Amino acid sequence: MLFPRRSILAGGAALTLAACSSSKFRSYNGPEVTRLQVVKHRRKLYLFHHQELLADFKVHLGNTAEGPKQFRGDGKTPEGVYYIDRRNPRSSFHLSLGISYPNAEDFAFARSQGRDPGGDIFIHGDRRKTDPRGKDWTAGCIAVKDKQIEEIYAMVRIGTPIDIHA
């Protein structure tokens, strides 16, 4: 009887260790996230299942937070209706979800001004040691804490709409 008990105890220890692993990839079994919303002046990201608020997160924005992103390098976070268009498990910022900026309107406006609208806007994890300090420090992205992007990354799928408002 002693041998099977040791096997059970060893198996239990292995399960405990697996539960304590530090993987950045989480699973999510709750309601589908059907929409994301960012309210820039509140510095908040909201995740919804239809009309039900599932979660909200404090965010950091572009280093020139007021006004919509219009051109590459302006340091602003976009405003408008977009969708999540890619997942980056190897992000320099822990994990990241791509936002479909620029949309057709953004692109047309920038081109009408003879400028590049920019791109590569993401929801991503926290700053690196080399990034600026302060409330708004990104180049136009939406940043949350690393543990929060793990949760968001697990919950949000490609194609999910995101509304970004002033």
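Numbering of residues starts from 1 in each chain and follows the order in which that chain's sequence is written. Restriction of local features to residues with pLDDT of at least 70 applies here, the model being predicted, together with a cutoff of 80 or more for giving and counting side-chain atom pairs; totals for whole chains, interfaces and linings are based on all residues. Excluded from the side-chain calculations are hydrogens and water; all other atoms, namely the structure's heavy atoms, are used.

1. Concerning the overall build of the protein chain
When helices and strands are tallied, the protein chain shows three helices and eight strands. Note on conventions: DSSP H or I runs of at least 4 residues are helices, E runs of at least 2 residues are strands, and numbering of each starts at the N terminus. Ordered by position in the sequence, the α and β elements of the protein chain form the string α-β-β-β-β-β-α-β-β-α-β. Across the 166 residues of the protein chain, 41% fall into the buried class. Note on definitions: a residue-residue contact is assigned when non-hydrogen atoms from the two residues lie within 4.5 Å. For the protein chain, long-range pairs separated by at least 24 residues make up 60% of all intrachain contacts whose partners lie at least 6 apart in sequence. Each residue is placed in one exposure class: buried if its accessible area under a 1.4 Å probe, protein chains only, is under 20% of its type's maximum, exposed if it is over 50%, and partly exposed if it falls in between.

2. Focus: the sheet that holds strand E6 (residues 121–124)
Ordered by their spatial adjacency, eight strands build an open sheet running E3-E2-E1-E8-E4-E5-E6-E7, and the pairing between neighbours is mixed. Since the sheet does not close on itself, it has two edges, and those belong to strand E3 (52–58) and strand E7 (142–143), each with one partner. The criterion for strand pairing is that DSSP finds at least two bridges linking the strands in question. Direction of pairing for strand E4 (residues 80–88) relative to strand E5 (residues 96–99): antiparallel, over a ladder of four bridges. Bridged to Ile84 within E5 is Ile99. The strands that helix H3 (residues 146–155) touches are strand E2 (44–49), E3, E4, E5 and E6; relative to E3, the one it contacts most, it runs at about 145°. Only C-alpha atoms enter the line fits that serve as axes; for helices the fit covers just the stretch in contact. Angles between N-to-C directions range over 0 to 180 degrees.

3. As for the packing of aromatic side chains
Any pair of Phe, Tyr and Trp rings, taking the six-membered ring for Trp, is counted once the centres come within 6.5 Å. Such a pair is stacked with planes under 30 degrees apart, edge-to-face with planes over 60 apart, and tilted for the rest. Summed over the entire model, instances satisfying the criterion amount to five aromatic pairs. Directly above the aromatic system of Tyr153 lies the positively charged group of Arg87, at a separation of 3.9 Å from the ring centroid. Definition used: whenever NZ (Lys) or CZ (Arg) falls within 6 Å of the ring centre and also within 35 degrees of the ring normal, the charge is taken to sit over that ring. Here Arg115 stacks its cationic end above the ring of Phe71, 4.0 Å away from the centre of that ring.

4. A short note on the pattern of salt bridges
Within this document, salt bridges are pairs made up of a side-chain nitrogen of Lys or Arg and a carboxyl oxygen of Asp or Glu, the two lying within 4 Å of each other. For the structure shown, the criterion picks out eleven salt bridges. Notably, a salt bridge pairs Asp85 with Arg86, separated by 2.5 Å at the nearest N-O pair. Through salt bridges with shared partners, a single network forms among Arg26, Lys147 and Glu150.

5. Concerning helix H2 (residues 104–112)
Every α-helical turn comprises 3.6 residues, leaving residues that sit three or four positions apart pointing alike. Counting of polar contacts relies on pairs of N or O atoms within 3.5 Å, with two restrictions inside protein: one atom must be capable of donating a hydrogen and the other of accepting it, and residues adjacent in sequence are counted only when both atoms are side-chain atoms. N-cap assignment for H2: the residue whose side-chain oxygen lies 3.1 Å from the backbone N of Glu105 is Asn103. Phi for Gly114, located one or two positions after H2, is positive at around 70°.

6. Points about the side chain of Lys76
Here Lys76 lies in the loop between E3 and E4. Residues scored as positive are Lys and Arg, those scored as negative are Asp and Glu, and His as well as the terminal groups of each chain are ignored. No salt bridge is formed by the buried Lys76; its nearest oppositely charged neighbour, Asp74, is found at 5.5 Å.

7. A few points about the pairing of E2
With five bridges connecting them, strand E1 (residues 35–39) and E2 associate as antiparallel partners. Of the residues in E2, the one forming a bridge with Arg35 is Phe48. In sequence, E1 turns back onto E2 through a hairpin of four residues, with Arg43 there showing a positive phi of about 55°.

8. Thoughts on unusual backbone geometry
Omega for the peptide link from Tyr101 to Pro102 comes to 0°, which places this bond in the cis form. With respect to the element layout, Pro102 can be found in the loop between E5 and H2. Despite not being glycine, Arg43 shows a phi value in the positive range, around 55°. Secondary-structure assignment places Arg43 in the loop between E1 and E2. Judged by relative accessible area, Arg43 falls into the buried class, the value being 17%. The backbone of His50 shows a phi angle near 55°, a positive value even though the residue is not glycine. As for its placement among the helices and strands, His50 is situated in the loop between E2 and E3.

9. Let's talk about the confidence of the model for the protein chain
Interpreting fine coordinate detail is not advised for predicted regions of low pLDDT. Each residue carries a pLDDT value, the predictor's own confidence for that position, ranging from 0 to 100. Across the protein chain, the average pLDDT comes to 87, with 87% of residues at 70 or higher. Predicted confidence is poor over residues 1–20, with pLDDT under 50, and the contacts of this stretch with residues over four places away or in other chains come to zero contacts.

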